[in-house]
Number of protein chains: 2
Amino acid sequence: MDMTTKLIVAAERLFDRHGYMATGMDRLTEAAGMSSRTLYKHAGNKAQLMARVLMERNRRFMARFEVQTVDALFAALEDWVRVEGTRGCLFLRSRAETGGDTPEIAEAVAAHKAAFHRRIEQVVEANLGHEDPILAEQVLVLLEGATHAAVYRGADAVSAARAAASILIAKART
Amino acid sequence: MDMTTKLIVAAERLFDRHGYMATGMDRLTEAAGMSSRTLYKHAGNKAQLMARVLMERNRRFMARFEVQTVDALFAALEDWVRVEGTRGCLFLRSRAETGGDTPEIAEAVAAHKAAFHRRIEQVVEANLGHEDPILAEQVLVLLEGATHAAVYRGADAVSAARAAASILIAKART
DNA sequence: TGCAATGTACAACGATCGTTTTACATTGGT
DNA sequence: ACCAATGTAAAACGATCGTTGTACATTGCA
């Protein structure tokens, strides 16, 4: 595993578990197993590192959500939280922690959420045979809600959301 | 307005807008218009201050959600985001920023989310005439999702959630 | 009149922050 | 054989962190 990858993997883990601001560079160098010199050569600075982490996470997340049906979106989320845990959305969290004042982070978040929204619209259209922006927005709200409710309600939140979505889809088909 | 209130109001505003960790005590004393000595006499320390802020916010939040119908829950959320803005859930954010490692904060968050869940269960039961834990979970997911989706989708997310809830309720009544 | 409480201003504490510097070791390719 | 690249270890940078100490002003009640 090359140094940049090792760094991003370690950084994502620490940022996710302890928060962005609460994670110092010392802890990061130790977890990534490299000197601070090397870390800065690869990452530039802390904000750029956070942005890289988010872009990489976006890639991994969107890959898991390359599905054909709305129900499969929720199945993908069930898998995601089983593998990644339930600590909320790292994109919204990073934006909140920085107050939206760090451009590279704000842009990475915006890019991810735009892609997420687009993907949902596509899947909804494929399922219904036509566009339905309102239903797409509802599915987005259910996915976002399941992600955050799962933090304190556990995996039940995701299955409840899944069942709700299936009712909304059935109703939209009539 | 007494000193403690002034402090908590200023702290909530800064924590919400810039994040908990990113808000230094200097900025806090300046915003609250008091010396650091006075701040510490009233707040104890930063973590206790955050916990007090959360307890106060819980009070204000729950007061707004003293309603009789599920639809009114979403109307209350529409009001809430209009007044308070769309920066996500300060409770989950504070837990994420501290990694859940600060007991007073973790407890304040747990207390709020438990009260929130209980309130939803009560309203659902009042609306249906009987308990329905799954529907309550779905309403919770929709409210949580609307709160977080509104960060990047705006108020449309809340009205979409509201419409979705009304469909789920209608279906549960049959 | 006087004491206790409550406030201010401001310097200082040690710790830690993100980042850079210095000096040196290892390696792969021409 | 040698240069360039890539890594390490460790100290140091100035800034800022949360918190406390010192010294003094104001006020309300006994």
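Residues numbered from 1 in each chain as written. Chains lettered and ligands numbered in written order. Predicted model: local features only at pLDDT ≥ 70, side-chain atom pairs only at ≥ 80, totals over all residues. Heavy atoms only, no water.

Per an unreviewed UniProt entry, chain A goes by Transcriptional regulator TetR and derives from Acidocella aminolytica 101 = DSM 11237.

## Notes on the environment of G154(B)
The residue G154(B) is located in the loop between α8 (133-153) and α9 (156-173) in this model. Once the C-alpha coordinates of G154(B) and V81(B) are considered, the two residues, 73 residues apart in sequence, prove to be 9.2 Å apart. (Helix = DSSP H or I, 4+ residues; strand = E, 2+ residues; numbered from the N terminus.)

## Examining the protein's contact with DNA strand D
Residues in contact with DNA strand D amount to 16 residues; listed here are only the nearest, T38(A), M25(B), R37(B), Y40(B) and K46(B). Among atoms of DNA strand D positioned within 4 Å of the protein, sugar and phosphate together represent 53%. Within the side chain of T38(A), one N or O atom sits 2.3 Å away from a phosphate oxygen of DNA strand D. For the surface near DNA strand D, the elements supplying multiple residues, two or more each, are α3 (36-43) of chain A together with α3 (36-43) of chain B. Sort the elements by how many residues they give to the surface near DNA strand D and α3(A) lands first, with four residues. Looking at side-chain class alone, the surface near DNA strand D contains four nonpolar, nine polar and three charged residues. (Near = heavy atom within 4 Å. Polar contact = N/O pair within 3.5 Å; in protein donor to acceptor, adjacent residues only side chain to side chain. Nonpolar A, V, L, I, M, F, W, Y, C, P; charged D, E, K, R; others polar.)

## Re the relation of the copies chain B and chain A
Overlaying chain B on chain A yields an RMSD of 0.0 Å, the required transformation being a rotation through 180° with an accompanying axial translation of 0.0 Å. Such a combination of rotation and displacement between the chain copies is what one expects of a two-fold axis. Residue G145(B), judged by its C-alpha, is the member of chain B lying nearest the rotation axis, at 1.6 Å. A high fraction, 100%, of the interface residues of chain B reappear at the interface in chain A, so the copies pair face to face through one surface. (Least-squares fit on C-alpha atoms with pLDDT ≥ 70 in both. Contact = heavy atoms within 4.5 Å.)

## Thoughts on the UniProt feature "DNA-binding region" (unreviewed entry) in chain A
Under the UniProt annotation, the feature "DNA-binding region" (unreviewed entry) is placed at residues 24-43 of chain A. The distance separating the terminal C-alpha atoms of residues 24-43 of chain A is 14 Å; by composition the span is 80% helix and 0% strand. (UniProt positions renumbered as here; feature names shortened; annotations may be inferred.)

## A word on helix α9 (residues 156-173) of chain A
Between its terminal C-alpha atoms α9(A) stretches 26 Å, which fits the 26 Å expected from 18 residues at 1.5 Å a residue. Of all the residues in α9(A), the buried ones are A157(A), V158(A), A160(A), A161(A), A164(A), A165(A), L168(A) and I169(A). Buried residues along α9(A) sit in contact with α5 (70-84), α7 (103-128) and α8 (133-153) of chain A together with α8 and α9 of chain B. (Expected span 1.5 Å × (residues − 1). Buried < 20%, exposed > 50% of the residue type's maximum accessible area, 1.4 Å probe, protein only.)

## Section: the protein's contact with DNA strand C
Lining the immediate surroundings of DNA strand C are 16 residues, of which M25(A), R37(A), Y40(A), K46(A) and T38(B) lie closest. Backbone sugar and phosphate groups make up 56% of those atoms of DNA strand C lying within 4 Å of the protein. Within the contact set of DNA strand C, a phosphate oxygen lies 2.8 Å away from a backbone nitrogen or oxygen of M25(A). Those elements that place two or more of their residues in the surface near DNA strand C are α3 of chain A together with α3 of chain B. For the surface near DNA strand C, the class distribution of residues is four nonpolar, nine polar and three charged.

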